[in-house]
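# A look at the structure
Listed here are the chains, written in short residue letters.
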Amino acid sequence: MAGTARNLLLRHLEYLTKEELEKFKLVYLVDHIPRGRLEGAGHLQVADVLVSSLGEQEAWELALSIWEKMGLKELCQRARKDNLGWNRILRGKNRKSEGKHFGFWGYIDKLSKMWSGQDHMDQWNEGNRRKYKKQIIEKFQIMRDRNACPGEYVNFHHRFTQLLLLQECRHREQKEHELLAHGREHAEIMENQGQLIEVEALFDPDEKRKTHPQIVVLRGAAGIGKTTLARKVMLDWAEGNLYQDKFHYVFYINCREMNHLKEKNTRFVDLITNTWPSLEGVMTEILSQPENLLFVIDGLDELKFPCDEHSFDLCKDWNRQQPVPILLSSLLRKTMLPESSLLITTRFTALRKCDFLFENPRHVEILGFSEEDRWKYFCKFFGDEDQAEQVFTLVVNNETLYTMCFVPLMCWIICTCLKQQMRKKKDLKQASKTTTNLYMCYLSSLVTPSGRSCLVQHHRGLCYMAAEGIWEGKILFDEDDLRRHGLQPSDVSAFLDMHIFQRDSDSENCYSFIHLSFQEFFAAMFYALGKEKEINVSTTPPIPGVKDLLVNCRDSATSFVALTVYFLFGFLNTGNGKRLEEMFNCKISQEIKLDLLKWIQAGIKQEHKDSSLRNYLPEIFSHLYETQNEEFVTNAVAPFPEFRLIIYSKLHFLVSIFCIKFCHNLERLQLNIARFQPKSHQFAVSQLSEVDWKHLFSVLAKNQNLRELDLSGTELDNSAMKAFCSELSQSTFKLQKLSLSKCQLTASCCQLLSSLLKNNINLTSLDLSMNFLGDEGMKVLCEVLRNKNCNIQELRLSRCHFSNSCCENFSSALKTHGKMKYLDLSENNLEDVGMNQICETLGNPDYNLQKLKLSQCHLTAACCQTLSTCIKNQSLTHLDVSGNILHDYGMQLLCEALRHPSCNLHKLFLSLCNLTDVCCQDLSSALKNNRSLIHLDLGCNNLSNNGVKLLCEALENQDCNLQSLELWNCHLSADCCHALSSVLKKNQNLTHLNLGANSLQNSGVKVLCEALRNQNCKLQELK
C-alpha cells in the first residue's frame, strides 16, 4: 500500500520543473528532512524519502502545505481533488494493517495486554514520550543570534547550515592551533569525499566496524558548530526525523552546566529530572531499558573536573547519590548504563586528555562549510549577489581569511565587518588586506563613546586573562578568573555589549570570547602593550613572555600561538596602532617592536643556513606583510642580500612582492612558483593575471642592486613573459645573471625575450635550459647573439629541443658574438652533422670558450675529429661528452688531442660512451703526456680489469697530475685492485677515487685498505 501512496505523491511531484523541485527540496523540505538525503534526489527519490521519513499521511500534508507556500495554485487544486482518493488509500491500509498484524495470536496478545494493564501502560509511556518531545522542540527550535536585541530570536531550522562530517581519526603528536591547522588541511580533506558521513549514519556499522558503535565522538575547532549540531540532533529526534528506530529517548547533557554542580551529591536520575520534571514518574521505566537511550554530551573539553577516577570509585547504580563528577565519569566509562549510546562533542586539543575514557569509539570530525557553502553563505548574508561577489573575491584572495571561513562563526564575523565597511563606503581592500585589519575594523565599529571609558579602564585585565587562557588551553572563564585579573562582572559589561565577550547562555557565572581567534586577538594586545608598572598583578601567576611566545611559534607553523603572533605583528601597523590608542588609550611597546625585529632576522638567518627550512620563508614574509609597516619591513630585511622563495599560494605571491619591494640591498633572488602543488593547496600559476606579473616585475625592475634573478621552475606563459620583458627592459636595471630553466618557454617567448637580451649590456649569464624553444627559438637567440649590445658569456641551453638544422646558424652567431665562455647544449639532438658545424667556430684557436657541455647529443665517433680541434684550443678547460656513443675509435681521436701541447683541458667527462679496454692504451699514453687534466670521468664504461691496469701505468707516472678519477660501474673485480693499490701508494696527486657499482669483493677491498694505511697515500675520498 505504501507503493500506491508513493505513486500518488510521485504523480504530483512530476509536475514540478527542475528549478521548482530544487526549491521544494532545499528551501522548504530541508527543514523536515536532512539535506544529505535530498541533495541530488530526483522526483522518485524525493517521494521515497518523504514517505519513509514522515509516513504517508504526514508526507502528503506537508507536500500540500509547501506547494501552497510556493504559489503553485494549479498543482494544489489538482492535489485537493485527489485528496479523497488519498484518504481512501489510508483507510484501506489501516484496516488491512489491523487484520495483518493481529491475526489470532495478535488478538490474544492484545487481550492479554488489556487484562494486565500493559496496553494502558504502553499508551501512557507513549504519551509521556510525546510530551517530552514537545518540550524538547520548545527548548531547541529557537535560537538567539549573537548580535540580536533582547527578546529577539530566530527559528533554528532557518538559521542552521549543513555541516560536513568526516569519518576519520587523525592523531596529533603536538598541541596545535586548531583554526589554522585544520584550515590548511581543509581543501585536501574535501577532495576525499568517500570518507564523509551523514548524521543519520553515525551509529550505523561500516566496513571497519561490523557492529553499531555505542560511542561517537564529534571533534571540531572552536566555532565550527559542535553545539549547534548537538542541538540539531535533539531537535530532529524530537520532530521524528532522526533515530526513531534506534532510540526511545535522547537526553542532552551540557558540560558547562555540570561544572556548577561538581560539588553536589545527587542521583543520576535527578540530573535529568531537574531539567525535565515531567519525566520524574517514568524515569525508572526509561532507565531500565538503557539500550534504547542516547545521551548527547556537549562540550566535554569544557569540563573543569577530571574524569579519570579509579574504577573502584565509579558507580553502577543510577539511583544512588554520588558526586556529579563520579556520575558523569561512570556514564562516560560505561560503568553506569553500559548498554546506552553516547554522542560526545569536544575540541581537538581536549581529545587526547579524555580519549582513554572511551572503549572503541567512532571519531567523526566536523569540517564546517564546504567551499561551495561558503559562497552560498555570503550570498545569503548580503542578499545581493553582486555585493556578495565583490566581498567574496576579496576574501578568496586572502588565504588566511578564506581559510577561516570554513568556520561558520568566522563567516559571520567577516561578513559583518565587511558589510559595515561597505555601508560606510570605506575601502574594502584595505579592511580585508590583513587579518588584523579586519578584526580591528570590526572592533572599532563596535566601540561607542559611552562605553569607551569602561573599555579603557578594564581592557588590560581582559587581555591578561586572554593570554593566560591561551597558554593554559582555557576558553571558559568564571567569576574567580575575572577577580584574579582585577575584574568584576559589571566591569566587562561594555565588552558584553560589543558581542566580543559573552556570558554563557546556560550559566550566568561562565564567560568566553565569541571565538578562540578573538581571545588570541586580545592575548596579542596583552603582549603588544608590554608591562604596565601601575597595574598590580601580584594575585595572578606570571605567564610566559613575548620571547617564549615567539619561540613556541617558531617550533611549529601550526603552533597553538600562531594566530596570536600574527596579530602581534599586525599591531605594528600604524593605522592599527592609532586605533588601539583611540579605543583603549594605550600605545604599542617599543621593546616589543625590537623583539619582533630580532625574531624575524633570526628566522631568516636560520633559513639561509638550513635549506630544509626553505618553505619557512613565506611564513616569515607573511608576518612582515601583516604589519603593512614599510619602515619595520625595510629594517627587517636590510641585512640580507639573498632570498630563496617557493610560492604555494596567491597570498604568498602577493606577500612576497610586498616584502621584496623593501629589500633594497637584495642582490640575488631565487623565486619559484611551484608547478606541482601539494594536495592541500589549490593554487596554480594560471590564477596569476598579467597585472599580477606586471606588479612583480615592476618591483624587481626598481631594485638597483639586483644582480642575479632565478625564476627556474616557474611556468611563464606569454602574458607573464610580456610583463617580464616590458618591465625589465629598463636601462637602469643592471641584472647580470638570469635563470629561466624549466619555465615552459616556447619560441614565441624567445621573441619577447629578445628585446630584453639585446638591450641589457650588463647581462652576462643566461639559462634557458629545459624549455620548448626548438629550432625557431634558436633562430631568435642567434639574432640576439649577433647584436653588438649582447654581452652574454654563459649560455645554458640543455634540453631545449634543438636539432642539427639550427647548428650552422648558431655556429655563425657564436663566431660573430665572440664572447662565449660557457656553453651547455646537452640533451639536444645535434648529431655529428650539427656538431661538426659548431666546432668550426669553437675549434678556432682565437675563440675563448672555457667550458663546453655536450652530454647526450646523439654524437658518434664521426664527429670526434672536429671535436678534437676544440680540445686543442688552449682556452677550453672543461668538456663533457658523456652519454654519447663514441666507441673506442672516437676515444682514440680524442686522445690524440689530449696529447697535443696546446691542450689545456682540466676536466673531461666520458661516462656512458661505450668505451672498452681497447682504448685504454691510448688513454694511458695521453695521461702520461697531459699535465693539465685533473678530473677524468670514465664511469659506466666496460673498461674491465685490463683497461684499468693500463690506466694505472699512467697514474704511477710522475707527470700525471690527475686528482679525481671516476671508475663507477666499469665491470671491475678484485683482480685490478693490486694495480690500484700500487697507484694509491705512489701517486701524490690523486685525492678522489670512485669505484662504486663494481664487484671488488672482500679480497679486493682488503688490498685497497692496505694501500690506504700506507703513509704515502694522499687519497681523501674513496667511494
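Look above for the structure.
Scope of this entry: the structure provided in the associated data block.

### Brief notes about the side chain of Asn 241
- With respect to the helices and strands, the residue Asn 241 is situated in the loop between helix 11 (226-238) and strand 5 (249-254).
- Here Asn 241 is in contact with His 32, Leu 54 and Asp 236, once residues within four sequence places are set aside.

### Regarding unusual backbone geometry
- Non-glycine residue His 801 carries a positive phi angle of around 65 degrees.
- Topologically, His 801 is positioned in the loop between strand 19 (794-796) and helix 38 (807-817).
- A relative accessible area of 47% places His 801 in the partly exposed class.
- The residue Glu 831 is not glycine, and still its phi comes out positive at about 60 degrees.
- With respect to the secondary-structure elements, Glu 831 resides in helix 39 (residues 831-842).
- According to the relative accessible area criterion, Glu 831 is partly exposed, its value standing at 32%.

### Let's talk about the packing of helix 41 (residues 887-899) against helix 42 (residues 920-929)
- One way to put it is that helix 41 packs onto helix 42 with a least axis distance of 8 Å and a crossing angle of 15 degrees. Taken together, the axis directions place helix 41 and helix 42 in an arrangement best described as roughly parallel. The handedness of the crossing between helix 41 and helix 42 is left-handed. Counting all contacts with helix 41, which are made through Met 891, Gln 892, Cys 895, Leu 898 and Arg 899, the residues of helix 42 involved are Asp 922, Leu 923, Ser 925, Ala 926 and Asn 929.
- Partitioning the contact of helix 41 with helix 42 into residue classes produces five nonpolar, three polar and two charged.

### Notes on the state of the cysteines
- Using the criterion set out here, one finds zero disulfides in the structure.
- There is no disulfide at Cys 586, and the cysteine sulfur nearest it, in Cys 463, is 7.5 Å away.
- Residue class for Cys 586 comes out buried when judged on its relative accessible area of 9%.
- Looking at the unpaired Cys 864, the closest cysteine sulfur is the one in Cys 863, lying at 4.8 Å.
- Classification of Cys 864 by relative accessible area gives buried; the value is 0%.

### Some words on a negative patch on the surface
- A surface patch of negative charge is lined by Asp 384, Glu 385, Asp 386 and Glu 389.
- Note that Asp 386 resides in helix 18 (residues 385-396).

### A few points about the sheet that holds strand 12 (residues 501-503)
- The sheet built from three strands is open, its strands ordered 11-13-12 with antiparallel pairing. A strand with exactly one partner marks an edge of an open sheet, and here the two such strands are strand 11 (477-478) and strand 12.
- The pairing of strand 11 with strand 13 (residues 510-513) spans two bridges and is antiparallel. Residue pairing in the sheet places Asp 478 in a bridge with Cys 510 of strand 13.

### Thoughts on the environment of Gly 570
- Its place among the elements puts Gly 570 in helix 28 (residues 562-570).
- Classification of Gly 570 by relative accessible area gives buried; the value is 0%.
- Note: C-alpha distance between Gly 570 and Thr 434 (136 residues apart in sequence) is 7.7 Å.
- Contact partners of Gly 570, with chain neighbours within four places excluded, come to Thr 436, Asn 576 and Glu 626.

### Some thoughts on the nonpolar core
- Judged by nonpolar contacts, the single largest core of 310 residues is most densely connected at Phe 295 and Phe 724.
- One finds Ala 59, Leu 62, Leu 72 and Cys 76 within the second-largest nonpolar core, a separate group that totals 29 residues.

### Topic: the packing of aromatic side chains
- For the structure shown, the criterion picks out 39 aromatic pairs.
- A connected cluster of aromatic rings, assembled from ring pairs, spans Tyr 439, Tyr 442, Phe 477, Phe 501, Tyr 511, Phe 513, Phe 518, Phe 521, Phe 522, Phe 567 and Phe 571.
- Sitting over the ring of Phe 140, Lys 139 keeps its end group 5.8 Å from the ring centre.
- Its guanidinium or amino end placed over the ring of Tyr 822, Arg 796 lies 4.2 Å from that ring's centre, counting from NZ or CZ.

### Overview of the pattern of salt bridges
- Tallied over the entire structure, the rule returns 19 salt bridges.
- A salt bridge links Asp 270 to Arg 267, with the nearest nitrogen and oxygen atoms 2.8 Å apart.
- You can call Asp 270 buried: its relative accessible area is 18%.
- What makes Arg 267 partly exposed here is its relative accessible area of 26%.
- The salt bridge partner of Arg 483 is Asp 480, with a shortest N-O separation of 2.5 Å. On the criterion of helical spacing, the pair formed by Arg 483 and Asp 480 is a turn pair, its members being three residues apart in helix 24 (residues 479-484).
- Connected through salt bridges with shared partners, the residues Glu 468, Lys 474, Asp 481 and Arg 484 form a single ionic network.

What counts as what
- Residues numbered from 1 in each chain as written.
- Predicted model: local features only at pLDDT ≥ 70, side-chain atom pairs only at ≥ 80, totals over all residues.
- Heavy atoms only, no water.
- Helix = DSSP H or I, 4+ residues; strand = E, 2+ residues; numbered from the N terminus.
- Contact = heavy atoms within 4.5 Å.
- Buried < 20%, exposed > 50% of the residue type's maximum accessible area, 1.4 Å probe, protein only.
- Axes fitted to C-alpha atoms, helices over the stretch in contact; angles between N-to-C directions.
- Parallel < 35°, antiparallel > 145°, perpendicular 65-115°, else oblique.
- Left-handed = near helix turned anticlockwise from the far one by under 90°.
- Nonpolar A, V, L, I, M, F, W, Y, C, P; charged D, E, K, R; others polar.
- Disulfide = S-S within 2.5 Å.
- Patch = residues over 30% accessible without salt bridge, like charges linked within 9 Å, V, L, I, M, F, W, Y side chains within 5 Å.
- Areas by Shrake-Rupley, 256 points an atom, 1.4 Å probe, with all protein chains shown as cover.
- Salt bridge = Lys/Arg side-chain N within 4 Å of Asp/Glu carboxyl O.
- Lys, Arg positive; Asp, Glu negative; His and termini not counted.
- Charge placed at Lys NZ, Arg CZ, Asp CG, Glu CD.
- Pairing = 2+ DSSP bridges.
- Core = buried A, V, L, I, M, F, W, Y, C linked by side-chain atoms within 4.5 Å.
- Phe/Tyr/Trp six-rings, centres within 6.5 Å; stacked < 30°, edge-to-face > 60°.
- Lys NZ or Arg CZ within 6 Å of the ring centre and 35° of its normal.

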